[in-house]
Amino acid sequence: MKKVEILALIPARGNSKSIPRKNIREFAGYPLIAYSIIAALRSKHVTRVIVSTDNEEIAAVSREFGAETPFLRPAELARDDTMDFPVFEHALLWLEENEKYKPEMIVQLRATSPVIPVKLIDDAIEALINHPKAGSIRGVVPSGQNPYKMWHIQANGTLMPILQIDGLPESYNAPRQKLPETYWQTGHIDVLRRETILGKRSMSGDAIIPVVIDPAFAIDIDTLLDWKRAERLVKEGEIDMIYPGNPPQEIS
């Protein structure tokens, strides 16, 4: 496999509303962000790991675990409603302008998805390498609820199905075996080409290739309840995931 420059970029803003200091709060013995950093560092393909943050404390913790923080993200790119694209555009343009560094591929990892399968990052990178016409790779799991059985409530108070299948009237009443398989995107991983972000100004591109993840790993921490459930799963030590150090030995 041809060696390419691959940057792992981990966005981590400081102003978390749901869980204060979430990205550096201790999760099963380590700061939450450490799991994503270590997973990237242990990849056989990733050549550089950077955390994009607006917060000095997050930056310091990130460096302790081996990530680089060559810049602080501007405050206007660290709001609650900030999308991924401007964060990644800022990082890539800063690196090009200040270091002349232009990675061919960018791996997005989110600190809020710390339960990372051991081979996930390398499998996702290899999938993009093996699909040269794809703009990106996205991690997905089989969806727990089928969207063909989901509804809108209209302004007049009646229900309208979100999706219908051509040739299958009232598809929302069909048994699940007759419905298409559907998938839910997780926060685990996206792998993108530089051209997808800066050329097409997109975080997806024209063709997206899936990497299907075991639902056991489908954890996205947004609330304290999410945190407690995820931490218990990790401390049980029954899943083959990447730890910053030794796996926890007991549930506390």
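These notes cover the structure that comes with them.

Scoring rules and cut-offs
- Residues numbered from 1 in each chain as written.
- Predicted model: local features only at pLDDT ≥ 70, side-chain atom pairs only at ≥ 80, totals over all residues.
- Heavy atoms only, no water.
- Helix = DSSP H or I, 4+ residues; strand = E, 2+ residues; numbered from the N terminus.
- Rg over C-alpha atoms; globule rule 2.2 N^0.38 Å.
- Buried < 20%, exposed > 50% of the residue type's maximum accessible area, 1.4 Å probe, protein only.
- Contact = heavy atoms within 4.5 Å.
- Areas by Shrake-Rupley, 256 points an atom, 1.4 Å probe, with all protein chains shown as cover.
- Lys, Arg positive; Asp, Glu negative; His and termini not counted.
- Charge placed at Lys NZ, Arg CZ, Asp CG, Glu CD.
- Core = buried A, V, L, I, M, F, W, Y, C linked by side-chain atoms within 4.5 Å.
- Pairing = 2+ DSSP bridges.
- Axes fitted to C-alpha atoms, helices over the stretch in contact; angles between N-to-C directions.

## Details of the overall build of the chain
Line of reasoning, step 1. Tallying secondary structure elements over the chain gives six helices and ten strands in all.
Line of reasoning, step 2. Taking 18 Å as the expected radius of gyration for a compact globule of 252 residues, we find that the chain reaches 20 Å, a close match to that expectation.
Line of reasoning, step 3. The buried share of the chain, taken over its 252 residues, is 48%.
Line of reasoning, step 4. For the chain, the share of sequence-separated contacts (at least 6 apart) that also reach a separation of at least 24 residues comes to 72%.
Line of reasoning, step 5. Approximately 13,300 Å² of the chain is accessible, and the part contributed by carbon and sulfur atoms is 50%.
Line of reasoning, step 6. When the 30 basic and 34 acidic side-chain charges of the chain are each reduced to a single mean position, those positions are 2 Å apart.

## Here we look at the nonpolar core
Line of reasoning, step 1. Among the nonpolar cores identified, the biggest contains 51 residues, and Phe27, Ile33 and Val107 are the most heavily contacted of them.
Line of reasoning, step 2. Leu7, Phe85, Ala91 and Leu95 belong to the second-largest nonpolar core, a separate cluster that totals 15 residues.

## Regarding the sheet that holds strand E6 (residues 136–142)
Strand pairing within a sheet occurs via backbone hydrogen bonds; the two strands may be parallel or antiparallel.
Line of reasoning, step 1. Here we have six strands laid out as an open sheet, ordered E4-E1-E5-E9-E6-E10, and mixed in their pairing. Both outer strands of the open sheet, strand E4 (48–52) and strand E10 (208–212), are each paired with one neighbouring strand and no more. Along the sheet, successive strands turn relative to each other by an average axial angle of 30°, direction set aside.
Line of reasoning, step 2. Note that strand E1 (residues 6–11) and strand E5 (residues 105–109) share four bridges and pair parallel. Bridging across to E5, Leu9 finds its partner in Gln108.
Line of reasoning, step 3. Of the strands in this sheet, E1, E4 and E5 touch helix H1 (residues 32–41), which is tilted by about 155° from E4.

This is a description of form; function is not addressed.
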